[in-house]
Structures are given as C-alpha cells and as structure tokens.
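# Fold and geometry: a report
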Protein chains: 2
Amino acid sequence: MTTIRDVAKKANVSVATVSRVLNENGYVNEDTRKRVQEVIQELNYKPNAVARSLFKKESKTIGFIVPDITNPFFPALVRSVEDYINQKGFTIILSNSDENPEKEKHYLDIMKQKYVDGVIMVTNTLDHEQISTYSMPIVLLDRPIHADVPSVFVDNRLGGRLATEHLLKQGCQRIAHIKGPEKVINADDRYQGYLDVVGKLPWFSKQYIVSGNYDKNTAMEVTKKLLQNHPEIDGIFAGNDMMALGVLKAAEQLGIKVPEQLAIIGFDDIDLTEMTSPELSSVAQPVYEVGKKAAEMLIHLIEGKNLEKKQYIFDVELMERKSSKRL
Amino acid sequence: MTTIRDVAKKANVSVATVSRVLNENGYVNEDTRKRVQEVIQELNYKPNAVARSLFKKESKTIGFIVPDITNPFFPALVRSVEDYINQKGFTIILSNSDENPEKEKHYLDIMKQKYVDGVIMVTNTLDHEQISTYSMPIVLLDRPIHADVPSVFVDNRLGGRLATEHLLKQGCQRIAHIKGPEKVINADDRYQGYLDVVGKLPWFSKQYIVSGNYDKNTAMEVTKKLLQNHPEIDGIFAGNDMMALGVLKAAEQLGIKVPEQLAIIGFDDIDLTEMTSPELSSVAQPVYEVGKKAAEMLIHLIEGKNLEKKQYIFDVELMERKSSKRL
DNA sequence: TTGAAAGCGCTAACAC
DNA sequence: GTGTTAGCGCTTTCAA
C-alpha cells in the first residue's frame, strides 16, 4: 500500500501539502499542486479511508437494516437508497434483522463502532427511547415508531380503504381480510382501512379476518381454511402481495375461479404482480420514491441540516388488474 | 464517545491493560480483569472499530458486488453469505454494479480504501488480470472467469442438458431456447447444454434460439414473435426463471395452453416458480450452499489458509412441475 | 505557500 | 502482571 508519505517524499513536499491537494483546501501553489497530482497518478495512490475516518469521525458509510432481504419488497428499497447515497459518495452496510430486536441492537452497535454516519432501518420492535440511545442519525422506513423519529412510509390506512372499496365496487358481498403480523404497524393500518369500509356493514364479522403473517405459505393455509368455512366469501383483501399470491394459490387448489367467484387484491405492488395469472390487483407504493426520500433525509441529518418535516407519508395508488375485475 | 483512555483512567490501569482484557490476550490479573470489565459495563464502552482497523489493517467487513439486488436471484445469495460471515464477526458492504465494469472497478477501489478484508462478486466483465491487480482476497460467484480465480458456481451445462432432455422425454418435438445475455458465461453454458441434447437432431435449427437477456419482458416479446413464426414449437427451455415467466405470459397472451401445447422449463428455481399457474418447472441451483461456500472460501482466504480447491462446482437438480408435465 | 507536529483510538513491542 | 510508548495513515492547527 502506498501512503501519503510515499507521495510526499516522491513529490518533495510535506504530507500536509499532499493532504491539501487531496482535499482541495488550503493554499497550494499551482505548480506544486500539479507535481503532487502527477505523483499521485504515477503511484496510483488512493488515500486510506480508515485513517481518514479515524480523524474525521465519519466513514462515508451508512447502515441499512432490513428484516430480510429475501422478502421481495426490500430489494427495491435497498436499490433506491443505494442509488441516491452512492452519488453522494456513501456506501451501504446491509444487515438482516429477522425482526429480532436483539439482532437489531447488535447491528446498530457494530455500525456505531464502525463509525457509520447514519442508518436507515425497517423496524417495529425498537422504541423511540432505544433508538435515541444511539445518538446517531437514524431514519425509519416503512414503519413509523414515533412522531419524533424521522421516518418515511405510505398511507397504509388509505391503501386498505382503497383496496376494500375497490372490491365493494366490483360487487363483492362478503369481503375477507388476510392480515399481516400482529406487531407490525403498517399491517394494522391496512386492517384499519379495511374496517373503515366494511366494519359497519350488516354482514361484517370478525370471522372474516385471519392472520397470514405477511407470508405466502401461511396465507395459503389460512385462506384454504377460511374459504372452506365461509364459502360465501367472494372477495379477499390480502395485507401484502406475498399473501395475495398465497390466496391465489389457495383458490386454485380449491377450484375457485378468480375473479369470477373470488376477487383478490394485494398490497405493495411488487414486481411479480404482473406475472401471475390472473394478474394480481394491488395497492402500489412508490417504493423508489420512499427509499429515495429516506436516503435524502438521512443525508440531510448527516450534514447537520434541519429536516423540513420529520415524517413523510406517501400516497398509494390502486392498481386494478385481472384478479379483481368482475365488471 | 467513551474511549479506552476513559476506561483506563476510571479503572486505574493503563490503556494496555484495558486492551488486554478487551482482546483476551496477554496476562492480566483476575482482579484487575474484573475491575476493568466492570468499568467497561458501567461506561457502556464499545471499542472503536475504525482505530482498530487502522492498526490491524483489517476491517471485519467484506464487500459484495452484485449486478442488481433487484433481480430475484441475488437476495438469496446475499442472505446466505451474510448468515455465514456474520457468525464469523464480519459485516457486508453491498453494491450494485449493473454489470458495468467501470462501476465494478469503482466499488472495488472504494472497498479497498475502506480496508475490506475481501470481496465476493458476481461479474463477467472483469478479467483475471484486472482482478489480481487489487491484491486482496476475491471470490467470484455464479460466473467463473479463470481457473486461477477462486470461484463457485453450478454446472450450468449439465443443467441445460437436464432441462432439454426433460422436455424431450415429455414428448416435445420442437424445442426452442431463450438464451441469456451474450457475455454472461453461465448463459452460454446453459445454451451449450441445450445444444448437447438437440443440436444433432434432424429438426434442429438455429431459428429456435433467440436471445432474451435474462429479463422477463424482453423474453415475453421475443417469445411471442418466435411462436408466431414457428407455431410448431411445443417446448421451450428458458435460460432463467424470469425469462420463463415471460414465456408463460407470452403463451397466455397467444392463447397457447401450457403444458398441453407448449411445455416450459426455466432455470434457477427462484421462489416464485411455485406461485405461477401452472407452476413452473425449473433447474434448481443450491443457492444457499453456493453462497455459503463462497463465504467460506473468502473467510479461508482472509485467514490466510490455503484453499483445497480454487473452483467449486455444484450440481443442479431438475424440478418437475406442471408447466412441463405432459405425461 | 509550506512544513512540523499533534492527535484521532487503538494494539503490540518492550521494559520494568 | 502491568505500564510506557511508538505507530497505523490521515488531517489540521500553528508557526515560519
């Protein structure tokens, strides 16, 4: 490894001068600047980021903690964040938490030790207090925790309403909901949206709500049972697309025609909604925008700027496809 | 931030002693050890990883460069690598290269500057020489470049053969192939496997081979044209699952029944093969094993151990599902 | 405009 | 067993 000393020696200047041309600050004679730059080229010198970090107490690295990158909702988010922060000169340390608070804390500790400049995370297990303990810029994605913690997410309740209203408009008479995990806030909001629309209807019953854990296989199992017990159900709003895929599968296995006998709509609008047959209706989140905004906020925070708002809530959009079209 | 000095001062010992208990090396009296540990607890002291890195010239971080995390094949790989290296005390810096050699080099530079201990990458644009320039442990995933560069991948040619033979056994008389991108080695190997099986058959024609760029939309377009020009085609081997999904879609749009009129098989066996209708046959890669092995090799290299083999080639497995079952 | 030197927080000789 | 100290590679006062 060639160091700043090597460059200094070869260019007949002090390390301070080299540092000055490197960072383009402080006065430096045009000629010596050129000479130094030539030597840098010649030696293919690349400054040591670790040494720099140690001094500056920053690393040009941010952490990104997701529950599980294997869940198709997250890669797009990661990509969007990377695209943004990368152009600002940052890199991402990625970790999977499995929604486990111990892992989350563990990774936050490690990231802090590595001087990451900030972290973006998707969590609902950590509370406001625990988060502020870390005293570093943190922005929450997808799931808000507290009005004081910077966060960006979508209007899940509205989404739940849109989805359910849509099914109603398509003529569904008995609409069930496959709900996400208990402790996940957005799952609850989507559920509330569903309630907003059908909770007061005469046919409504809590029996039409089952839990699918945001997971396709679980959703398939519970849906099969649900439909066997309640053959009158003619519409299902699944809390996310993975579960909607499970619902689709369940219908297929039971020989129920979609959308004729059963209209289905999911949430998130992940890429494969268009690959199923029939194509899956969904409530789309502006994933790329959401990720970008989170990245923007984090960079702002890191640069010590003030945030205009602590929370950004994006709108969702109904994507009507074949799985729910009966008209 | 509390430092090792703070701990030393409060525990009435030197920083060296604190360092000793921290790293569990060197002699240290049991009593003082306890005292130091208490202070560490009390102050919630966490050693500064950057300072440590600077001294040790290692960072307990590895780089992982993938073409695009948004491609559903990669998240599982990332996950598997993370699971392994994490338990060895490492974290991952993730970057998307978009198959762009400039980006790849850029990220490798940055990673090197950050003292990553090694990198795992999926590439086919960099050659042996360029890679060795970086003089740090690098292992290649999914696509081998050169026998001298440590790499792990699957027997793609065998996979191509298995897929094609399977279609033949199912009674297909005219089998087409949707090929991956030109420069991607595994795409070519899969294609070779296809040729091994049908290249010498009387009906064979180069017209049955089209390029789909590993992408579902492209694949859908080219497949539509292909099937319109060659209605005699009754079997398609797609170079990966995303393209197979496109083929499925194309068939649907043309009103061609799968598998009765057209048998389809993909490659990779990504998660959603089971979610389509009909379920998609595929050639499965042991993704988790592949990722794990790459991580293992990298850690070995980092620890200065010798590799038993430079290349690990995993077997693939035929997954027969509805999209290709005609018997 | 440039250089000398202190120091970021840690580890590992080396001395005691 | 424990402490002193040099040094990892860099940036930034401060002085010249």
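Residues numbered from 1 in each chain as written. Chains lettered and ligands numbered in written order. Predicted model: local features only at pLDDT ≥ 70, side-chain atom pairs only at ≥ 80, totals over all residues. Heavy atoms only, no water.

Per an unreviewed UniProt entry, chain A carries the name Catabolite control protein A and comes from Melghiribacillus thermohalophilus.

## Notes on the overall build of chain A
Rules: Numbering goes from the N terminus for both helices and strands, where a helix is a DSSP run of H or I of at least four residues and a strand is a run of E of at least two. The globule rule used here is 2.2 Å times the number of residues to the 0.38 power, and the radius of gyration it is set against is calculated over C-alpha atoms. With residues, only the protein chains shown are counted as cover, and all accessible areas are computed by Shrake-Rupley using a 1.4 Å probe. Only four residue types enter the tally: Lys and Arg on the positive side, Asp and Glu on the negative side, with His and both chain ends excluded. Charged groups are reduced to one reference atom each: NZ for lysine, CZ for arginine, CG for aspartic acid, CD for glutamic acid.
Counting its secondary structure elements, chain A contains twelve helices and twelve strands. Over its C-alpha atoms chain A spans a radius of gyration of 26 Å, topping by over 25% the 20 Å that the globule rule assigns to 327 residues. Taken along the three principal axes of its C-alpha coordinates, chain A extends 85 × 40 × 30 Å. For chain A, the exposed surface amounts to about 14,300 Å²; the carbon and sulfur share of it is 48%. Charged side chains of chain A number 42 positive and 45 negative; the gap between the two group centres comes to 4 Å.

## Concerning the nonpolar core
Here is the rule: Throughout this description, the term nonpolar core refers to a set of buried Ala, Val, Leu, Ile, Met, Phe, Trp, Tyr and Cys residues connected via side-chain atoms within 4.5 Å. Only protein chains enter the accessibility calculation, which uses a 1.4 Å probe. A residue is then buried if its area is under 20% of the maximum for its type, exposed if over 50%, and partly exposed in between. The contact definition used throughout considers only heavy atoms, calling two residues in contact when any of these lie within 4.5 Å.
In terms of nonpolar packing, the biggest core is built from 152 residues, with A:Phe64, A:Ile178, A:Tyr194, B:Phe64, B:Ile178 and B:Tyr194 touching the most fellow members. Not counting chain neighbours up to four residues away, the residues in contact with A:Phe64 comprise A:Leu77, A:Val78, A:Val81, A:Ile92, A:Ile93, A:Leu94, A:Ser95, A:Met111, A:Ile120, A:Val122 and A:Leu141. Counting 30 residues, the second largest nonpolar core, distinct from the first, contains A:Leu108, A:Val149, B:Val119 and B:Ile138.

## Here we look at helix H2 (residues 15-23) of chain A
Residues and elements named next belong to chain A. Rule in force here: Working note: the arc is built from the helix axis to C-beta atom directions.
Along H2, the positions that sit buried rather than exposed are Thr17, Val18 and Val21. Buried residues of H2, viewed axially, fall in a sector of 100°; they line one side. One or two residues past the end of H2 sits glutamate 24, with phi positive at roughly 50°.

## Some remarks on the protein's contact with DNA strand C
The condition that has to hold: Whether a residue is near a molecule or strand depends on its heavy atoms: if one lies within 4 Å, it is near. We call two N or O atoms a polar contact when they sit within 3.5 Å, provided that within protein one can donate a hydrogen and the other can accept it, with sequence-adjacent residues counted only if both atoms are side-chain atoms. Three categories are distinguished: nonpolar for Ala, Val, Leu, Ile, Met, Phe, Trp, Tyr, Cys and Pro, charged for Asp, Glu, Lys and Arg, and polar for the others, with Gly belonging to the last.
Taken together, 27 residues are adjacent to DNA strand C, and A:Thr17, A:Arg20, A:Asn29, B:Ile4 and B:Tyr45 come closest. Taken together, the sugar and phosphate atoms account for 70% of what DNA strand C places within 4 Å of the protein. In this structure, a base oxygen belonging to DNA strand C sits 2.5 Å away from a side-chain N or O atom of A:Arg20. Within the backbone of B:Ile4, a nitrogen or oxygen atom sits 2.4 Å from a phosphate oxygen of DNA strand C. Among the elements of the structure, H2 and helix H4 (49-56) of chain A together with helix H2 (15-23) and helix H4 (49-56) of chain B are those that each provide at least two residues to the surface near DNA strand C. Broken down by element, the surface near DNA strand C gets its largest block of residues, four residues, from H2(B). Looking at the surface near DNA strand C residue by residue, the classes come out as 13 nonpolar, ten polar and four charged.

## What to know about the interface of chain B and chain A
Rule in force here: Here the quantity called buried area is the total loss of accessible area, with a 1.4 Å probe, experienced by two parts when brought into contact, counted for both. Here, a salt bridge means any side-chain nitrogen of Lys or Arg that lies within 4 Å of a carboxyl oxygen of Asp or Glu.
Counting from both sides, the interface comprises 48 residues of chain B and, opposite them, 48 residues of chain A. Buried area between chain B and chain A, summed over both chains or domains, comes out near 4,300 Å², and the portion from carbon and sulfur atoms is 55%. On the chain B side of the interface with chain A, the three residues burying the most area are B:Arg79, B:Gln113 and B:Met275, jointly 16% of the side's total. Seen at the junction of chain B and chain A, the total is six salt bridges. Residues B:Glu279 and A:Lys249 are paired through a salt bridge, measuring 3.5 Å at the closest nitrogen-oxygen approach. Where chain B meets chain A, there are 31 residue pairs in polar contact (both at pLDDT 80 or more). Secondary-structure elements contributing two or more residues to the side of chain B that touches chain A are H4, helix H5 (74-87), strand S2 (91-96), helix H6 (101-113) and helix H11 (241-254) of chain B.

## Re the packing of aromatic side chains
For any pair of aromatic rings, geometry is given as the distance between the ring centres together with the angle between the planes. Condition: Any pair of Phe, Tyr and Trp rings, taking the six-membered ring for Trp, is counted once the centres come within 6.5 Å. Such a pair is stacked with planes under 30 degrees apart, edge-to-face with planes over 60 apart, and tilted for the rest. In this scheme, Lys NZ or Arg CZ marks a charge over a ring once it lies within 6 Å of the ring centre and within 35 degrees of the ring normal.
For the structure on display, the rule yields ten aromatic pairs over all chains. Both rings, one in A:Phe237 and one in A:Phe267, keep their centres 6.5 Å apart while their planes meet at 40°; by these two values the pair is tilted. Of this pair, A:Phe237 sits in strand S8 (residues 235-238) while A:Phe267 sits in the loop between strand S9 (263-265) and strand S10 (282-284), and the two are 30 residues apart along the sequence. Between B:Trp203 and B:Phe204, the ring centres sit 6.4 Å apart and the planes meet at 55°, which makes this aromatic pair tilted. In this structure, B:Trp203 and B:Phe204 share a single accessibility class: buried. Grouping aromatic residues by their ring pairs yields a cluster made of A:Tyr194, A:Trp203, A:Phe204 and A:Tyr208. Stacked on the ring of A:Phe267, the Lys or Arg A:Arg190 has its end atom at 3.7 Å from the ring centre. Over the ring of A:Tyr312 we find A:Lys293, and its NZ or CZ is 4.3 Å from the ring centre.

## Here we look at the pairing of strand S11 (residues 311-314) of chain B
Residue and element names in this part refer to chain B. Here is the rule we go by: Being paired, for any two strands, means DSSP has found at least two bridges between them.
Of the two faces of S11, only the one carrying Tyr312 and Phe314 is buried; Gln311 and Ile313 on the other face are not. Summarising the sheet, strand S5 (residues 151-154) and S11 pair through four bridges and their orientation is parallel. Bridge pairing links phenylalanine 153 to isoleucine 313 in S11.

## Quick word on the protein's contact with DNA strand D
Around DNA strand D, a shell composed of 28 residues is seen, among which A:Ile4, A:Tyr45, B:Thr17, B:Arg20 and B:Asn29 lie nearest. Restricting the count to atoms of DNA strand D within 4 Å of the protein gives a sugar and phosphate share of 63%. A:Tyr45 places a polar side-chain atom, nitrogen or oxygen, 2.4 Å from a phosphate oxygen of DNA strand D. In this structure, B:Asn29 approaches DNA strand D through a main-chain N or O atom, which is 2.5 Å from a phosphate oxygen. Contributing elements (two or more residues each) for the surface near DNA strand D: H2 and H4 of chain A together with H2 and H4 of chain B. Its residues assigned to classes, the surface near DNA strand D comprises 14 nonpolar, ten polar and four charged.

## As for the UniProt feature "domain: HTH lacI-type" (unreviewed entry) in chain A
Stated formally: UniProt positions are given in the numbering used here, feature names are shortened, and annotations may be inferred rather than shown by experiment.
UniProt records the feature "domain: HTH lacI-type" (unreviewed entry) at residues 2-56 of chain A, using the numbering of this structure. In the segment residues 2-56 of chain A, helix accounts for 71% and strand for 0%; the C-alpha atoms at its two ends are 21 Å apart.

## Points about the relation of the copies chain B and chain A
Convention followed: We superpose the copies by least squares over the C-alpha atoms of residues that have a pLDDT of at least 70 in both of them.
Of the two same-sequence chains, chain B is brought onto chain A (RMSD 0.1 Å, axial shift 0.1 Å) by a rotation of 180°. Here the transformation between the copies is reduced to the relation of a two-fold axis. Taking C-alpha positions as reference, the residue of chain B nearest the rotation axis is B:Ile93, located at 2.2 Å. The fraction of interface residues of chain B whose copies in chain A are also interface residues reaches 100%, indicating that both copies meet through the same surface.

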